Amino acid sequence: MDSNKTVVLITGANGGIGYETALLLATSATSFHVIVGARSAEKGEKAVSDIKSQSPKGTLSHVQLDVTDSNSIKNAVSTVEKDFGRIDVLINNAGIISHATALIDQLRETFETNTFGPAIVTEAFTPLLLKSKSPKLIYVSSNLGSITWRSDPTNPYYALPAPAYRMSKAALNMLLACDYATLGSKGVKAWAYCPGYVVTNLSGTGEKGRQERVERGAGSAVDSAKGILAIWREKGCGCWKVCL
Ligand SMILES: NC(=O)c1ccc[n+]([C@@H]2O[C@H](COP(=O)([O-])OP(=O)(O)OC[C@H]3O[C@@H](n4cnc5c(N)ncnc54)[C@H](OP(=O)(O)O)[C@@H]3O)[C@@H](O)[C@H]2O)c1
């Protein structure tokens, strides 16, 4: 891989904010190589093919990566190491809202993907990240993980319970703070980022869920992608405390 290229790995990049980020990067500059991480290889391949049909300036590939499956993560590290030898930017984007009935099942499902997943993906890819001249790490978090927001009755989201999702993102923010301290001393810049309330399939209910988001005034995932690009170019707030 050309050492002047910026190699970016995005988890959950076959849809929603991850896809829009992959599209934005690939279409914005020749200097990017975007690795679309997807738990379904078919969906990853389709995302790459869709983006390639839009005449990107940068290059793309995909890797099978289920953030809840340690074998999948291990294989993805081997593939990326063989093909690129390093990554310059790791974007931990994959996330879910659980629809399990019992709270304990919601907690287990949500933490597996939203918290444990990013933690073990970062741990596994850190050796490749540390091979970059300018390593960057981004966690796609949520303001719903803010304890300050949750405690404020005047906050517009105060009435929204979502305890499992909120807890998973609060813990993710702590992961970021830990990585900021430990990897920061090794030259890694790290951020947690709230992409805003946007129209995606996060509710897991397909077109109905998307329409409900539109009606509630959700924005576009294209703007979330622009925010991700801006924070690492440090034109946005660039503040690691953004979601704490
Ligand atoms: N949309 C919002 O308003 C909003 C607000 C704040 C934060 N966020 C955060 O933004 C991130 C992206 O969500 P989104 O809104 O773009 O939702 P989305 O449209 O549902 O996209 C989520 C992506 O994550 C993938 N994914 C789920 N579980 C995975 C796993 N175990 N391994 C690998 N990939 C997995 C999904 O793949 P499949 O297609 O295979 O399901 C999909 O590609 C999440 O972390 C979410 O919490 C979103």
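Computed from a prediction, not measured in an experiment: that's the story for all the values here.

## Looking at the sheet that holds strand β6 (residues 189–193)
Strands sit in the order β3-β2-β1-β4-β5-β6 across an open sheet of 6 strands; the sheet is parallel. In the strand order of this sheet, the two ends are held by β3 (59–64) and β6, each with one partner. Geometrically, the sheet is characterised by an average inter-axis angle of 15° between neighbouring strands, direction not taken into account. Direction of pairing for strand β1 (residues 6–10) relative to strand β4 (residues 89–92): parallel, over a ladder of 3 bridges. In the sheet register, V8 faces β4, and the bridge partner there is V89. With respect to the sheet, helix α1 (residues 16–28) is in contact with β1, β2 (32–38), β3 and β4, its orientation differing from that of β2 by roughly 160°. Docked against the sheet, helix α8 (residues 221–232) engages β1, β2, β4, β5 (136–140) and β6, running at close to 155° with respect to β6.

## A word on the site of the ligand
If you check the shell around the ligand, you find 29 residues, and the closest are I17, R39, N93, Y165 and T200. Within the backbone of G196, an N or O atom sits 3.3 Å from an oxygen atom of the ligand. In this structure, an oxygen atom belonging to the ligand sits 2.6 Å away from a side-chain N or O atom of T200. When the ligand is considered free in solution it has 890 Å² of accessible area, and contact with the protein chains removes 92% of it. For the shell around the ligand, the elements supplying multiple residues, two or more each, are α1 and α6 (163–182). Taken together, the residues that form the shell around the ligand break down as 11 nonpolar, 13 polar and 5 charged.

## Observations regarding the pattern of salt bridges
Here the structure, examined in full by the defined rule, presents 8 salt bridges. As a salt-bridge pair, K46 and D50 come within 2.9 Å of each other at their nearest N and O atoms. Here D50 and K46 lie together in helix α2 (residues 41–52), a separation of 4 residues that amounts to about one turn. Residue classification places K46 among the exposed residues on the basis of a relative accessible area of 52%. The exposure class assigned to D50 is partly exposed, which follows from its relative accessible area of 26%. One network of salt bridges, in which partners are shared, links K208, E212 and R216.

Criteria and thresholds
Residues numbered from 1 in each chain as written. Predicted model: local features only at pLDDT ≥ 70, side-chain atom pairs only at ≥ 80, totals over all residues. Heavy atoms only, no water. Pairing = 2+ DSSP bridges. Helix = DSSP H or I, 4+ residues; strand = E, 2+ residues; numbered from the N terminus. Axes fitted to C-alpha atoms, helices over the stretch in contact; angles between N-to-C directions. Contact = heavy atoms within 4.5 Å. Near = heavy atom within 4 Å. Polar contact = N/O pair within 3.5 Å; in protein donor to acceptor, adjacent residues only side chain to side chain. Areas by Shrake-Rupley, 256 points an atom, 1.4 Å probe, with all protein chains shown as cover. Nonpolar A, V, L, I, M, F, W, Y, C, P; charged D, E, K, R; others polar. Salt bridge = Lys/Arg side-chain N within 4 Å of Asp/Glu carboxyl O. Buried < 20%, exposed > 50% of the residue type's maximum accessible area, 1.4 Å probe, protein only.

Functional significance is not addressed by these values, which are geometric in nature.
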